[in-house]
Amino acid sequence: MEKIVLFKGSKKDFNDLLSNEMVKEYTPFMELVRQYNEKIRANDWAATKEVGQYNKEKIENVVIYADDFSSVTSHVITNFPNIIILGHDIENLYIQNAPKRVEYSLRVEFEDVIEDKSSNYYEASAEEIVKLYGILNAGEVIGQDDAKKQTCVGLYKSMVLREKRPLVLLYYGPSGVGKTALAKNISEFYHGKLTRIQFSMMQTDEAYKYIFGDEHGKPSLARDLLARETNIILVDEFDKATPALYNVFYQMFDEGEFEDINYKVDVSNCIFILTSNFIDEKHVAGVVGFPIFSRIDTKIKFTQLTNDELKQVIEKKLFRYL
């Protein structure tokens, strides 16, 4: 093995990395798994040794996407080094968002040839954040001038202070007044698709599995955060979550790290936007608890739209269909 690239970040950026390194042709991971199942597991130990040592197939590039890990059994994760070594002589190995167990096994065997790379997320300058305020006023969200202003002030202060922890903004107020739409506008400004966590779905055991991790093939919060395209994370309907789950965000908001049983992710430069239907800040503190309340940098109130603003919203939506 000449080179192993462990990439953390979005699929879009991973594809850009492959393009930059002129990786046009490669062997997909599932082909290695298929060969392993056919040639290795189907034979006895003697045959395994022979295939592994004497009949190795030379492969220039192997590319493994994050989604590939969702398509395999736990046995594949456990035996990952054998799958790539036995029967193959791989020159370059590129992996997006490897599970912790896979990364650890590779570092034990191949530490000297590992290169760590990651998405280079866009960060707005002071001048650009000032421009953002004008963009938001001319954007999809009607009204909510104070919320737009407080959002930009929060972004500006975070950029200037550059603390090693995420910025956390809480949007609260009635439904249907532009909270989620404003978050989408901000994500577009930060050059990518919004990562959206829907907390209204977090009422069952599946919620705990999503937050804390389950089988490596199942969706999880850490995996979604690793795959983000921007540093803008929308946690929608934050008030609908089971109260016990709020503790999960304590370390995330305080130290900028999050880890489950399969993945570890750095969120220190992220901007978390929490939407909710809380009535006021007293209501917020009473539901989420003071430890989380104190780690929300700015609580931003959204108000009911005026009749004139509602008219503008309706006209804008109707215009799209004309």
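To start, this report covers the structure provided alongside it. (Residues numbered from 1 in each chain as written. Predicted model: local features only at pLDDT ≥ 70, side-chain atom pairs only at ≥ 80, totals over all residues. Heavy atoms only, no water.)

Moving on, we come to helix α9 (residues 179-189). Most of α9 sits out of view: eight of its eleven residues are buried. The complete set of buried residues in α9 reads K179, T180, L182, A183, N185, I186, S187 and F189. Each element contacted by the buried residues of α9 is listed here: α7 (126-137), α8 (145-161), β6 (167-172), β7 (195-198), β8 (232-236) and β11 (271-275). One or two steps after α9, the chain reaches H191, where phi turns positive at roughly 70 degrees. (Buried < 20%, exposed > 50% of the residue type's maximum accessible area, 1.4 Å probe, protein only. Helix = DSSP H or I, 4+ residues; strand = E, 2+ residues; numbered from the N terminus. Contact = heavy atoms within 4.5 Å.)

Attention now moves to the packing of α7 against α8. Two numbers describe how α7 lies on α8: the axes approach to 10 Å, and their chain directions differ by 165 degrees. Classified by the interaxial angle, the pair formed by α7 and α8 is roughly antiparallel. Remark: the crossing between α7 and α8 carries right-handed chirality. Counting all contacts with α7, which are made through A126, I129, V130, L132, Y133, L136 and N137, the residues of α8 involved are D145, K148, K149, C152, L155, Y156 and M159. When the residues that make up the contact of α7 with α8 are grouped by side-chain class, the tally is ten nonpolar, one polar and three charged. (Axes fitted to C-alpha atoms, helices over the stretch in contact; angles between N-to-C directions. Parallel < 35°, antiparallel > 145°, perpendicular 65-115°, else oblique. Left-handed = near helix turned anticlockwise from the far one by under 90°. Nonpolar A, V, L, I, M, F, W, Y, C, P; charged D, E, K, R; others polar.)

The subject of this paragraph is the environment of Y171. By the secondary structure assignment, Y171 is in strand β6. Given the relative accessible area of 0%, Y171 is considered buried. With eleven residues separating them along the chain, Y171 and L182 place their C-alpha atoms 9.9 Å apart. For Y171, the residues in contact, after removing those within four places along its chain, are T151, K179, L182, I186, I273, L274, T275, S276, I300 and F302. Among the polar contacts listed, one links the side chain of Y171 to the side chain of T151, at a separation of 2.8 Å. (Polar contact = N/O pair within 3.5 Å; in protein donor to acceptor, adjacent residues only side chain to side chain.)

Right, let's get into the sheet that holds strand β4 (residues 88-96). In space, the five strands of this open sheet follow the order β2-β3-β4-β1-β5, with parallel pairing throughout. What marks the edges here is a single partner per strand, and that holds for β2 (27-28) and β5 (114-118). The sheet contact formed by β2 and strand β3 (residues 57-64) spans two bridges and is parallel. Across the sheet, residue T27 finds its bridge partner in β3, namely V62. Strands β1 (3-8), β3, β4 and β5 of the sheet are contacted by helix α1 (residues 11-20), whose axis makes an angle of about 140 degrees with β4. Its contacts with the sheet put helix α6 (residues 100-110) on β1, β4 and β5, and the angle it makes with β1 is roughly 150 degrees. (Pairing = 2+ DSSP bridges.)

Take the pairing of β8 next. Counting buried residues along β8, five of its five residues qualify, which places the element largely inside the surrounding structure. Of the two faces of β8, both are covered, the one formed by I232, L234 and D236 as well as the one formed by I233 and V235. Bridge analysis of β7 against β8 gives four bridges, and the strand direction is parallel. Bridge pairing in β8 places Q198 opposite D236. Where β8 and β11 come together, four bridges link them in parallel fashion. Directly across from L234, in β11, lies its bridge partner I273.

Honestly, it's all geometry; don't read function into it.
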